[in-house]
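Below are the chains, spelled out letter by letter.
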Amino acid sequence: MEFNDDAELDASQVSDQRGMGGRLALGGGGLGIIGVIIYLVMQFTGGGGGSSAGLGGFGDVGPNEQVGSSSLAERCRTGADANRDADCRAVAFINSIQSYWSTHLDGYRPAETNFFSGGVQTGCGNATSATGPFYCPADGQVYIDLTFFQELRQKFGAQGGPFVEGYVLAHEYGHHIQNLLGTSDQVGQATGAQSGSVRLELQADCYAGAWANHATTTPAANGKPLIIGVTQDDVAAALDAAARIGDDYIQRELGGGTVDTTQFTHGTSAQRQKWYSTGYQTGDPRQCDTFNTTDLG
């Protein structure tokens, strides 16, 4: 896939906090975070998480160096910038996802995405990079350490690629949609194969697939499509990533080999692939009702 060179980017949708905060402990407020991925691995392996700044093609951030949103705005102006700069690529995906939802959800309210390194303070409490990408309903914002995409390849074994980055970001914006619709408020802290948490995550996957279906027709601010040339290989890479972050895969491959369905929070690999595919094949968010079905896949 690639971006339209002439499409305009809007870096104001991103707050670049990289290098501005130190490593923070995951506080009790973190219970409100939705979309935790890497933290599941820490639960099962007892390992430590972390961020290696500058990995995966994203802008280098030294231990005492700040990036800042003004730098991002200067660098990320067009689709051509997104084609050559990984930071700008993330901005372009965020623009596309928000443009899609602004035309598919009445009353859509944009959500800021925060790039951070090491640790970050949120309305849901403090979080580290080990938490993985997440959405905080309390402040209505998305948070991501962009080096997660290298973690996805190296730790989880995903094949990676630009469209995978779009999937991850679209998944977190799926949680924003759930927050706006009040869906998140109806889900408690229970875990398990049929839990509300699993259904919430699978619905966010489906919403991500719905965006992907419309990715090549969703316009930038100047009316030109942001994304062109999405291929079946791009879609396959997104499905591969979905499989790598299924509860069963994480427990079996990264957590010692035992699969405990009572601890499921995100759904199996097959379920995540199924619901992303449902969104992608139909392009209709109304087909993403994971809460009123007995067949999650």
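Notes on the structure in this doc start here. These numbers come from a predicted model, not from an experiment. Residue numbers here run from 1 along each chain, matching the order of that chain's written sequence. Where local features are concerned, this predicted model is filtered to residues with pLDDT of at least 70; where side-chain atom pairs are given and counted, the filter is 80 or more; whole-chain, interface and lining totals use all residues. The basis for the side-chain values is all heavy atoms of the structure; hydrogens and waters are excluded.

### Comments concerning the packing of aromatic side chains
Spelled out, the test is: Stacked, tilted and edge-to-face pairs are distinguished by plane angle, under 30 degrees for stacked and over 60 for edge-to-face with tilted covering the rest, among Phe, Tyr and Trp rings (Trp via its six-membered ring) whose centres lie within 6.5 Å. Here a strand is any run of E in DSSP of at least two residues, a helix any run of H or I of at least four, and the numbering for each starts at the N terminus. Relative accessible area decides the class of each residue, using a 1.4 Å probe on protein chains only: under 20% of the type maximum gives buried, over 50% gives exposed, and in between gives partly exposed.
On inspection of all chains with the given rule, the structure shows 9 aromatic pairs. Plain terms: the ring middles of Y167 and Y276 are 5.2 Å apart, the flat faces sit at 80° to each other, and that makes the pair edge-to-face. Here Y167, found in helix α6 (residues 162-181), pairs with Y276, found in helix α10 (residues 269-282); they are 109 residues apart in sequence, far enough to count as distant. Residue Y167 shares its accessibility class with Y276, and that shared class is buried. Here the aromatic residues F3, F93, F163 and W211 are joined through ring pairs into a cluster of three or more.

### Concerning the sheet that holds strand β2 (residues 14-16)
Pairing between sheet strands relies on hydrogen bonds along the backbone, with the strands arranged either parallel or antiparallel. We count it as follows: One bridge is not enough; two strands pair if DSSP finds at least two bridges between them. Axes here refer to lines fitted to C-alpha atoms; in helices the fit is confined to the stretch in contact. Angles between the N-to-C directions go from 0 to 180 degrees. Only heavy atoms matter for contacts: two residues are in contact if any of them lie within 4.5 Å across the pair.
Strand order across the open sheet formed by 4 strands is β2-β3-β7-β6, with mixed pairing between neighbours. The open sheet terminates on both sides in strands that have one partner only, identified here as β2 and β6 (134-136). Recorded for the sheet is a direction-independent mean angle of 25° between the axes of neighbouring strands. Sheet topology note: the β2/strand β3 (residues 113-115) ladder contains 3 bridges and is parallel. Bridging across to β3, D16 finds its partner in F115. Relative to β3, helix α4 (residues 86-104) is tilted by about 170°, and along the sheet it contacts β2 and β3. Helix-sheet contacts for α6 involve β3, β6 and β7 (141-144), and the interaxial angle to β6 is about 20°.

### With respect to the state of the cysteines
Selection rule: Only a pair of cysteine sulfur atoms within 2.5 Å counts as a disulfide in this structure description.
Scanning all chains against the criterion turns up 3 disulfides. Each sulfur in the disulfide pair C76 and C88 lies 2.1 Å from the other. With the S-S dihedral at roughly -80°, the linkage between C76 and C88 falls on the left-handed side. Residue C76 is found in the loop between α2 (69-75) and α3 (79-84), and its partner C88 is found in helix α4; the two are separated by 12 residues along the sequence. Of the two residues, C76 and C88, neither departs from the other in class, the shared state being buried.

### So, the pattern of salt bridges
Here is the rule we go by: Definition used for salt bridges: Asp or Glu carboxyl oxygen within 4 Å of a side-chain nitrogen of Lys or Arg.
All chains considered together, the criterion is met by 12 salt bridges. As a salt-bridge pair, K155 and E151 come within 3.5 Å of each other at their nearest N and O atoms. Since its relative accessible area comes to 28%, K155 is described here as partly exposed. Among the ionic pairs, R252 bridges to E253, the shortest N-O distance being 3.2 Å.

### Brief notes about helix α9 (residues 247-254)
The buried count for α9 comes to 6 of 8 residues, which makes it a mostly enclosed element. Among all positions of α9, only D247, D248, Y249, I250, Q251 and L254 are buried.

By themselves, these figures tell us nothing about what the structure is for.
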